[in-house]
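One letter stands for each residue in the lines below.
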Amino acid sequence: MKAAVEQILARLRDQRVEVPADEVESRMRLLVEKFGVPEGEASRSVVNYFLKEHGIAPASFAARKSESLKVGEINGPGRWIDLEAKVVELWEPTSSAISQTGLIGDETGTVKFVKWTKSDLPDLELGKSYLFKNVVTDEFQGRFSIKLNRTSGIEELACEVEAAEVQAGGLVQEMKVSEIAEPAQWIDLRAKVVQLWDPTSETISQTGLIGDDSGVIKFVKWTKSDLPDLVEGESYLFKNVVTDEFEGRFSVKLNRTSGFEPLEEEIEVSPQEAKFSGAIVDVQKGSGLIKRCPICRRMLTKGVCGEHGKQEGTYDLRIKAVLDDGLKVQEVLINRERTESLVGISMEEAKAMAMEALDHEVVRGMIAERLLGRYYSVYGPTVDRYILVETISEVPPVVEDEVQLLMERAQEVV
């Protein structure tokens, strides 16, 4: 924070704007600590605020103050710079607000870039060199990046910029899942496919969980990676995958530069265990009688697998439920065997029910009718946001007399 404040004061002094340091710091802390704004974005906002206060247009200021730098010279957020660099990686955007993202580099290093959709800038091509004009530096968890917005410009260069070797080009480190501690690392990973989920976007080929004896982690395989499908339950050596982080949870991404090969030995997976008690408040879509792709185990939608097209499919029975203990909610996955026992219905009975109604959703409706509002205690391994239920037992709800007794005991302690 102190370095950001000093940088803001220096930028303001360049425009002959004098502002007390405590005012800058106060506004920065408000944005960063109270509202959760990234430090780079907060710096830009504070600079623009004080420039406007002194009658200076921020956009024109940014355009005039951009400076030519090398990648290795980027040392702080909120700087408007010009940069000659080569596009060395293009990644799949994770948001519709992002037009393109990836890595650019010169002989001094590489840096992540984000080109916003609203910038209306032309698309960059992998391997080509450009002059990036009036881009702004940003920082997140000690890593710098650059952003291209409406005030930025792109010019293709006639000569190629020599880019430093990306970490993925030979400095890949083999890791355990538990050793992953930061985003944007290129690593190799020996892991088993614990579970495959239904992708939420056409840009995602497969997603789910992989794990080793140190833990489990979410993975995403991008459609444009052109990699073959992973098989649930199989073990692989994942080569040259990149780590990512969102809201404190790590994941790994497989893109065009990634690869994997089957392992003869089976990787032992050691997920964390969890216990949770609460009322079932929702039986989610995708519960009940479903059909899975016989190849990748993905749930079919109207008889179609997003990866393998129209399939006959194999039936499965499961419950995706949400439990609420009054303080927080927990999503759980209950497999066929435990679903049959919990609800008191067999796979064949569920199929007969769906056939009679000509609708698979009738099974989910029956499950919801029997479970909603009831209290259960579940136990099993945690995988991402789910508990994979190994044991489930019904517990009586807390009645009014018990609540009153607990309140009286609490008052006695006080």
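Residues numbered from 1 in each chain as written. Predicted model: local features only at pLDDT ≥ 70, side-chain atom pairs only at ≥ 80, totals over all residues. Heavy atoms only, no water.

What follows deals with the confidence of the model for the protein chain. Where the model shows low pLDDT, its predicted coordinates should not be examined in detail. Confidence in the prediction for the protein chain averages 84 pLDDT; 87% of positions are at 70 or higher. Here helix α4 (residues 58-65) stands out as the least confident element of the protein chain, with mean pLDDT 50; helix α7 (residues 361-371) is the most confident, with 95. (pLDDT = per-residue confidence, 0-100. Helix = DSSP H or I, 4+ residues; strand = E, 2+ residues; numbered from the N terminus.)

Side chains three or four residues apart in an α-helix point the same way, a direct result of the helix having 3.6 residues per turn. Looking at helix α6 (residues 347-357), one finds that the buried residues are Met347, Ala350 and Ala354. The arc that holds every buried residue of α6, seen down its axis, measures 65°, which confines them to one face. Turned more than 90 degrees away from the buried face of α6, the exposed residues are Glu348, Met355 and Glu356. Tucked into the core, α6 has its buried residues touching β16 (288-292), β19 (314-324), α5 (336-343) and α7. A positive backbone phi angle near 55° is found at Leu358, which sits one or two residues after α6. (Buried < 20%, exposed > 50% of the residue type's maximum accessible area, 1.4 Å probe, protein only. Arc of directions from axis to C-beta. Contact = heavy atoms within 4.5 Å.)

What follows deals with the pairing of β19. Put simply, side chains in a regular strand alternate between the two faces of the sheet. Burial analysis of β19 places eight of its 11 residues in the buried class, the great majority of the element. In this sheet, β19 lies alongside strand β15 (residues 272-283) in antiparallel orientation, the contact comprising four bridges. Bridging from a neighbouring strand, Ala279 pairs with Asp324 of β19. Pairing of β19 with strand β20 (residues 329-334) involves six bridges; the strand directions are antiparallel. Each residue of the ladder has a partner; that of Leu323, found in β20, is Gln330. A loop of four residues connects β19 with β20, the two strands running antiparallel in sequence, and Gly326 in this loop sits at a positive phi of about 95°. (Pairing = 2+ DSSP bridges.)

In total, this model carries 22 salt bridges according to the counting rule given. In this structure, Lys128 engages Glu156 in a salt bridge whose closest nitrogen and oxygen atoms are separated by 3.6 Å. A residue pair is termed long-range when its members are at least 10 positions apart, and Lys128 in the loop between β4 (109-116) and β5 (129-140) and Glu156 in strand β7 (residues 153-156) qualify at 28 residues. Exposure remark for Glu156: the relative accessible area of 51% places this residue in the exposed category. One salt bridge in this structure joins Glu174 and Arg190, with 2.9 Å as the shortest N-O distance. Here Glu174, found in strand β8 (residues 173-175), pairs with Arg190, found in strand β9 (residues 186-197); they are 16 residues apart in sequence, far enough to count as distant. Given a relative accessible area of 32%, Arg190 falls into the partly exposed group. When salt bridges with common partners are traced through the structure, they connect Glu125, Lys128 and Glu156 into a single cluster. (Salt bridge = Lys/Arg side-chain N within 4 Å of Asp/Glu carboxyl O.)

The next thing to look at is the nonpolar core. By size, the foremost hydrophobic cluster in this structure holds 25 residues, and its most contacted members are Ile319, Val332, Val363 and Ile367. Elements that contribute at least two residues to this core include exactly β15, β19, β20, α6, α7 and β21 (375-383). When residues in this core are grouped by element, the largest group, five residues, is from α7. Filtering out sequence-adjacent residues up to four positions away, Ile367 remains in contact with Val283, Gly288, Ile319, Thr339 and Val343. In terms of nonpolar packing, the next biggest core, distinct from the first, is built from 19 residues, Val177, Ile180, Phe219 and Leu254 among them. (Core = buried A, V, L, I, M, F, W, Y, C linked by side-chain atoms within 4.5 Å.)

Before going further, it helps to examine α7. For α7, the full list of buried residues reads Val363, Met366, Ile367, Ala368 and Leu371. Close packing links the buried residues of α7 with β15, β16, β19, α5, α6 and β21. Once α7 finishes, Gly373 follows within two positions and takes phi at roughly 90°, a positive value.

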